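So you can see what is in the structure, the chains are spelled out below.
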Amino acid sequence: MKKLFISLIALGAAASASAQADLFDNPDNEAYLGARISLDISSTADGNSYYSNGAGFSIGAIYNIPLYKNLYFEPGLSLFYDTFGEELLIPDENNISYGSIDGSIRNLGFRIPLVAGYHFDFTDDMQLSVFTGPQLNLSVLAKEHLGDNSYSIFGEYGFKHIDLQWALGVGLTWQNYYVSVSGGIGMTKVRDWSTTDVYGKKVSDSFRRNNFSITLGYNF
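None of these values were measured; they are calculated from a predicted model. (Residues numbered from 1 in each chain as written. Predicted model: local features only at pLDDT ≥ 70, side-chain atom pairs only at ≥ 80, totals over all residues. Heavy atoms only, no water.)

## Examining the packing of aromatic side chains
By the definition in use, this model includes nine aromatic pairs. With a centroid separation of 4.8 Å and 65° between ring planes, the pair formed by tyrosine 51 and phenylalanine 207 is classed as edge-to-face. Of this pair, tyrosine 51 sits in strand β2 (residues 51-52) while phenylalanine 207 sits in strand β11 (residues 202-219); the two residues are 156 residues apart in sequence, bridging distant segments of the chain. Both residues of the pair, tyrosine 51 and phenylalanine 207, belong to the buried class. Judged by centre distance (5.2 Å) and plane angle (70°), the ring pair of tyrosine 218 and phenylalanine 220 falls under edge-to-face. Looking at tyrosine 218, the relative accessible area reads 32%, which means it is partly exposed. Through a chain of ring-to-ring contacts, three or more aromatic side chains come together here, namely Tyr51, Phe84, Phe159 and Phe207. Over the aromatic face of phenylalanine 80 sits the side chain of arginine 111, whose NZ or CZ is 4.2 Å from the ring centroid. (Phe/Tyr/Trp six-rings, centres within 6.5 Å; stacked < 30°, edge-to-face > 60°. Helix = DSSP H or I, 4+ residues; strand = E, 2+ residues; numbered from the N terminus. Buried < 20%, exposed > 50% of the residue type's maximum accessible area, 1.4 Å probe, protein only. Lys NZ or Arg CZ within 6 Å of the ring centre and 35° of its normal.)

The following block contains the structure:
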């Protein structure tokens, strides 16, 4: 009986040591492909007060590549649709009082995250990951909608085709299912221009893009 008790203790200790080792260095790590879909909330940084948050989405895929122990590199590609609310002030003919027009900016493009992360494997079925890194936004469509009118805003006074963000977030994997919350902090300006109006007053408009995302996914 004493030998059986000692054997059970030894078995439990070995299982505990193995679980702790997997927490930081899982020998079963291997590369995999994952599908992702996100609800995105976009906001502007350093922008004028007439911009407001807008909802959007992204859908795409990632490829998770183990690097060392539980450290990984995860490039991805997704199609995104971002929106921003906008309130444009319109002066009267005497340039004394102002009215306003509610509008929006709608932006379609490709998002390329290049993040690195570390996962903690609590069980064979569940792991927690933290990640950070740069991500590029490649805009292919940017339109401003004001009242009944809409027009492209690429060009000298509009959107840039490329802007850079810094992403950071935390994810939870259970079996093959994945959920995360993350943020993208604007590093470069997506809109940046200035000019002088007919009254000699400097007029400018510039902002950086921020995003908050809730992501669902499946790993193959």
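Once the structure has been displayed, the description carries forward.
## A short note on the nonpolar core
Buried together is how nonpolar side chains tend to be arranged in soluble globular proteins. Among the nonpolar cores identified, the biggest contains eight residues, and these are Tyr51, Phe84, Ile105, Ala142, Ile153, Phe159, Val190 and Phe207. If sequence neighbours within four positions are ignored, phenylalanine 84 has contacts with Ser42, Ser43, Thr44, Ser52, Gly54, Gly103, Ser104, Ile105, Phe159, Phe207 and Arg209. Within the second largest apolar cluster, five residues are counted, among which are Tyr72, Phe131, Ala167 and Tyr178. (Core = buried A, V, L, I, M, F, W, Y, C linked by side-chain atoms within 4.5 Å. Contact = heavy atoms within 4.5 Å.)

## Quick notes on the confidence of the model for the protein chain
Of the residues in the protein chain, 79% reach a pLDDT of 70 or more, and the chain-wide mean stands at 85. In the model of the protein chain, helix α1 (residues 2-24) stands out as the element of lowest mean pLDDT, 47, in contrast to strand β9 (residues 177-186), which has the highest, 98. The model gives residues 1-19 a pLDDT under 50, and that stretch makes one contact with residues more than four places away or in other chains. (pLDDT = per-residue confidence, 0-100.)

## Thoughts on unusual backbone geometry
Only a minority of non-glycine residues have a phi that is not negative, and only a minority of peptide bonds are not trans. Positive phi, close to 50°, is recorded for lysine 69, a residue that is not glycine. Looking at the element boundaries, lysine 69 is found in the loop between β3 (54-68) and β4 (71-91). For lysine 69, a relative accessible area of 40% puts it in the partly exposed group. Of note, glutamine 175 is a non-glycine position whose phi angle comes to about 55°, a positive value. Relative to the assigned elements, glutamine 175 resides in the loop between β8 (162-174) and β9. Residue glutamine 175 is classed as partly exposed on the basis of its relative accessible area of 41%.

## Comments concerning the environment of aspartate 22
With respect to the helices and strands, aspartate 22 occurs in helix α1. Residue classification places aspartate 22 among the buried positions, given a relative accessible area of 17%. Residues aspartate 22 and aspartate 121, spaced 99 residues apart in sequence, show a C-alpha to C-alpha distance of 6.0 Å. Sequence-distant contacts of aspartate 22, that is, excluding residues within four places in its chain, are made with Pro27, Asn70 and Asp121.

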